[in-house]
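Each chain, written out:
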Amino acid sequence: MSYPLVILLCVGLLQQTARAVRMDKLADSKTCGDSECSYVLSMATALDDFIAPDCRFINIRKGQMVYVYSKLTPEEGAGVFWSGSVYSERYVDQMGIIGYFPATMVKETQKFMETQ
């Protein structure tokens, strides 16, 4: 294989992997327990199943416990989303993955910090 052909092939592969998809902004600000959003604000229980529409969101199953780390402050007319991670002995492979989910899909069961 010739050297220029190898370079052309590598550049072509890099160009394909460098493409990005533009995603809509979920909110202008968020409420957290600390500056890095690493403290748990509350625990919640999933009221129904939620299948993540893209990589920013997490899948949750009805009855699953969810650690809530932040609450997004929505723009006028926008949906309310929270970020968190799931906890369940049955879905161990999902534990530790943090993502967004609709606030209407969960019910807070225990608050650790009050949000403003």
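K.L.:
Outline the overall build of the protein chain, listing residues and values.
P.N.:
Within the protein chain, the regular secondary structure consists of one helix and six strands. Order of helices (α) and strands (β) in the protein chain, N terminus to C terminus: α-β-β-β-β-β-β. Residues counted as buried form 31% of the 116 residues belonging to the protein chain. Sequence-distant contacts in the protein chain: of pairs separated by 6 or more residues, those separated by 24 or more amount to 58%. When the accessible surface of the protein chain is totalled, it reaches about 8200 Å², and 55% of it is carbon and sulfur.

K.L.:
For the pattern of salt bridges, give the residues involved together with the corresponding values.
P.N.:
Within this structure, the stated rule accounts for three salt bridges. We note a salt bridge from R56 to D54, for which the minimum N-O separation is 3.0 Å. Judged by relative accessible area, R56 falls into the partly exposed class, the value being 23%. When the shortest N-O distance is used, the salt bridge between E108 and K71 registers 2.9 Å. Residue E108 is located in strand β6 (residues 106-111), and its partner K71 is located in strand β3 (residues 65-73); the two are separated by 37 residues in the primary sequence. The class of E108 is partly exposed, set by a relative accessible area of 23%. The network of salt bridges with common partners includes K71, E108 and K111.

K.L.:
So what about unusual backbone geometry? Which residues, and what values?
P.N.:
A negative phi holds for most residues other than glycine; trans holds for most peptide bonds. Its identity as a non-glycine residue notwithstanding, C37 has a phi of 55°, on the positive side. Checked against the element boundaries, C37 lands in the loop between β1 (29-32) and β2 (42-46). Judged by its relative accessible area of 16%, C37 falls in the buried class.

K.L.:
So what about the state of the cysteines? Which residues, and what values?
P.N.:
Scanning all chains against the criterion turns up one disulfide. A sulfur-sulfur distance of 1.8 Å marks the disulfide that ties C32 to C37. Across the disulfide from C32 to C37, rotation about the S-S bond amounts to roughly 60°, and the bridge is consequently right-handed.

K.L.:
Explain the confidence of the model for the protein chain residue by residue, including any values.
P.N.:
Per-residue confidence for the protein chain averages 78 on the pLDDT scale, and 63% of its residues sit at or above 70. Of all the helices and strands in the protein chain, helix α1 (residues 3-17) carries the lowest mean pLDDT, 58, while β2 carries the highest, 94.

K.L.:
Describe the packing of aromatic side chains, with residues and values.
P.N.:
Across all of its chains, the model carries three aromatic pairs by this definition. Note on F57 and Y100: the rings are 6.4 Å apart at their centroids and 65° apart in plane angle, and the pair reads as edge-to-face. Residue F57 is located in the loop between β2 and β3, and its partner Y100 is located in strand β5 (residues 98-102); the two are separated by 43 residues in the primary sequence. What makes F57 buried here is its relative accessible area of 10%. Members of the aromatic cluster, each reached through a chain of ring pairs, are F50, F57, F81 and Y100.

Thresholds applied
- Residues numbered from 1 in each chain as written.
- Predicted model: local features only at pLDDT ≥ 70, side-chain atom pairs only at ≥ 80, totals over all residues.
- Heavy atoms only, no water.
- Helix = DSSP H or I, 4+ residues; strand = E, 2+ residues; numbered from the N terminus.
- Buried < 20%, exposed > 50% of the residue type's maximum accessible area, 1.4 Å probe, protein only.
- Contact = heavy atoms within 4.5 Å.
- Areas by Shrake-Rupley, 256 points an atom, 1.4 Å probe, with all protein chains shown as cover.
- Salt bridge = Lys/Arg side-chain N within 4 Å of Asp/Glu carboxyl O.
- Disulfide = S-S within 2.5 Å.
- pLDDT = per-residue confidence, 0-100.
- Phe/Tyr/Trp six-rings, centres within 6.5 Å; stacked < 30°, edge-to-face > 60°.

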